[in-house]
Structures are given as structure tokens and as C-alpha cells.
Protein chains: 2
Amino acid sequence: MTVATRLKIGDVAKQTGIAVGALRYYESLGLLHSERGDNGYRYYSPTAVHQVQFIKKAQALGFSLEDVGDVLNVHQRGDVPCGFVRSLLQDKIQQLEDQIQQMTAFKADLEDYRDRWAESQPHPQPGDICPLIETVPLTV
Amino acid sequence: MTVATRLKIGDVAKQTGIAVGALRYYESLGLLHSERGDNGYRYYSPTAVHQVQFIKKAQALGFSLEDVGDVLNVHQRGDVPCGFVRSLLQDKIQQLEDQIQQMTAFKADLEDYRDRWAESQPHPQPGDICPLIETVPLTV
DNA sequence: CTTGACCCTCTAGGGAGCTATAGAGTTTAG
DNA sequence: CTAAACTCTATAGCTCCCTAGAGGGTCAAG
């Protein structure tokens, strides 16, 4: 019987490409657990590498670390969090949709100004800073 | 001959709808100037209202306060900053374009996952947290 | 034994544009 | 005259995900 491999934080960092400081940060958020040796060092089992990769993958899906924590909590309760993940994912998609729409409308606005200002020689009024911008209406 | 109107910061705030704290913040960035009375109060001429509105309008075009400062500097040098403003505006449009493209591609990715995961009953492996997320490839 | 590569905790910072508070002085309406 | 409403400075906090540094202990190779 061999003792299970005990990884130090630097080993986990190397195997995952995540900085040591970030790993400690994950732990402070409760996303990653470690055992402490007598020297105070954090020790990890090889599954920790897998867990860090899980965090990376969730982030790649646009999940915040808080989201990851929520998923982990569902898992901790013994449930399979896939349904929860699906709904989170749908939320992210909807948020993206909304943001894209907003940005597209905003871009159209800006292009409108650009085209209107393309060759106009503005009529500066006393006190004006940029006579072009001065024509923008105040949204009150 | 009447003394020119001297506005206090609260007056400017009321007339522009910008919080007092924000006006002080603008001043700290050099975007808004005031004279000090013997009591230490900031006093503004009515053109300050116009200048604050200019800041608001520039922000409505997606300009950062730093951008506004740059525009103001051109103006301060005695130049008309409209050419500079046009090029800033084109930059903002381009940035929006890029961001929209990125977000659209990302959204397509997420929708891909969503559809693939729609009714799949995943095959949990020992150590898995959410078998769905586990299928996401690591971008290394 | 020494040197260097690790590890620890705690604190600060950053980006953007503010808001909020504390503790103090000033002005203004009644 | 008093009380409310205003003003001042200076500092901290917000969001998110870390990074960087100080000041110290621990461990492995030569």
C-alpha cells in the first residue's frame, strides 16, 4: 500500500497552468480544498488538478467563480448539478443576447453620428468645446 | 454692472443632474474647474453647466473620462477638437464591432453546448462534478 | 552547511466611475 | 438665534479576479 500522492500547491499550479496565488484565492472562496501538513503547507490529492480544470472549464463557459461555487454547492449536497448548469448556461446566453442587442443599437447610433459629422463644417457657438459633440442631445 | 452669477456646487448638480461627488471627481481629473471662495467653497460660472453637459454628451458617445480629458486638452491648446473627436468616435465604433463579433461567436459556442446537452444523459465518471462541464475541452 | 527554490500569511493594488461616510466648518431661512 | 441645509477634506468601498510584495519559515540538492 503506497501513500496517495500529495501535491504541493506549486505542483498543482504547474499541472493546471493556474498561478499559485489564484489557487489560494480559489480556496479562500471555498472552491478548492487542501489539507495542511505540519509545516503549514497545503497538500492536494491528484483529483485537485481535475477540480481546478473544472473551474477553468466553467469559466470558459462564461461562469463566474460565484457561479462555480453554486454549482459546487449543488454537487456537495449530493445532487448532480447538470440541470442547474443547463439553466445557468441559458442565462448566460440570454445575457449575451441582450448585451449584443444593446451594443448593436449603440453602434448604429454612433455610426449615425459619424456619418452625419463626416464632412460637416460645424458652426461653433461661443463657449463650445467641440461643436460636433455639442449637437448630441441630453438624455434627461 | 452686476456680478456674474456664482453657482455653488449644489446648484451645478441640480442643473445638470450630476451628483455633487461626481462633480468633485471630475475636478480631480482636471475636467472641470472652479474658483474657491474665502470659505473654501467651489464657485462656478454658468458655463460650467454647459461644460458638465459636454461631459455627459461625450459619455453618451461611449467616451471615457480620459477621452474627455484628451478632447479638452486639444481644446485648451486653442484647437478645434472635432477631427480628434471624429477619430475617437471611429475607434469606439471599431471596438464595438470587435466586441460584438467576439460575443456573437462566444454565444454561438454556448448555444452549441446548450443544444448538445439538451437531452443528453451524461455518463458520470468517478470524480466528476458536472459530467456536462467535464466535456468542455481545456484551451491550453 | 549553504544556497536557492519553495511555501506561508497579510496587505495593497488595479480598472472606471463613481457613492458613501466621518468629522468639521459655513450659509441661509425662519 | 437656531436649526437645517449646505459645503469642505480625506478615506473607504463598490465590482471581479486575481497579481505583487513584504517578511518570514521550510525543504532539497550539492
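This section reports on the structure supplied with the text. All of these numbers come straight from a predicted model, not from anything done at the bench. (Residues numbered from 1 in each chain as written. Chains lettered and ligands numbered in written order. Predicted model: local features only at pLDDT ≥ 70, side-chain atom pairs only at ≥ 80, totals over all residues. Heavy atoms only, no water.)

### Remarks on the interface of chain B and chain A
Rule in force here: The contact criterion used throughout is that any non-hydrogen atoms of two residues lie within 4.5 Å. Buried area is a sum: the accessible area each of two parts loses on coming together, probed at 1.4 Å, counted once for each and added. The term salt bridge refers to a pairing of a side-chain nitrogen on Lys or Arg with a carboxyl oxygen on Asp or Glu at a separation within 4 Å. Numbered from the N terminus, helices here are DSSP runs of H or I no shorter than four residues, and strands are runs of E no shorter than two. In this count, Pro and Cys sit with the nonpolar residues alongside Ala, Val, Leu, Ile, Met, Phe, Trp and Tyr, while Asp, Glu, Lys and Arg are called charged and the others, Gly among them, polar.
Counting from both sides, the interface comprises 48 residues of chain B and, opposite them, 48 residues of chain A. Across the interface of chain B and chain A, roughly 4,700 Å² is buried in total on both sides, 77% from carbon and sulfur atoms. For chain B, the biggest contributors to the area lost against chain A are Lys-57, Ile-129 and Ile-133 of chain B; these three give 15% of the whole. In this assembly, chain B and chain A are joined by two salt bridges. Residue Glu-97 of chain B pairs with Lys-107 of chain A through a salt bridge whose shortest N-O separation is 2.8 Å. Elements represented by at least two residues in the side of chain B that touches chain A include exactly helix H3 (47-60), helix H4 (65-76) and helix H5 (82-116) of chain B. With 19 residues, the single largest contributor to the side of chain B that touches chain A is H5 of chain B. Of the residues belonging to the side of chain B that touches chain A, the class tally is 28 nonpolar, 10 polar and 10 charged.

### Observations regarding the pattern of salt bridges
Two side chains with opposite charge may pair up if their charged atoms get near one another. Keep this limit in mind: Classification of residues uses two cut-offs on accessible area relative to the type maximum, computed with a 1.4 Å probe and protein chains only: under 20% is buried, over 50% is exposed, and between them is partly exposed.
A complete count under the given rule lists 16 salt bridges over all chains for this structure. A salt bridge links Arg-42 of chain B to Glu-27 of chain B, with the shortest nitrogen-to-oxygen separation between them at 3.2 Å. Of this pair, Arg-42 of chain B sits in strand S3 (residues 42-44) while Glu-27 of chain B sits in helix H2 (residues 20-28); the two residues are 15 residues apart in sequence, bridging distant segments of the chain. A relative accessible area of 19% means that Arg-42 of chain B is categorised as buried. The closest approach of N and O atoms between Arg-77 of chain B and Asp-79 of chain B, which form a salt bridge, is 4.0 Å. Looking at Asp-79 of chain B, the relative accessible area reads 37%, which means it is partly exposed. One continuous salt-bridge network, built from bridges that share partners, spans Glu-27, Arg-36 and Arg-42 of chain A.

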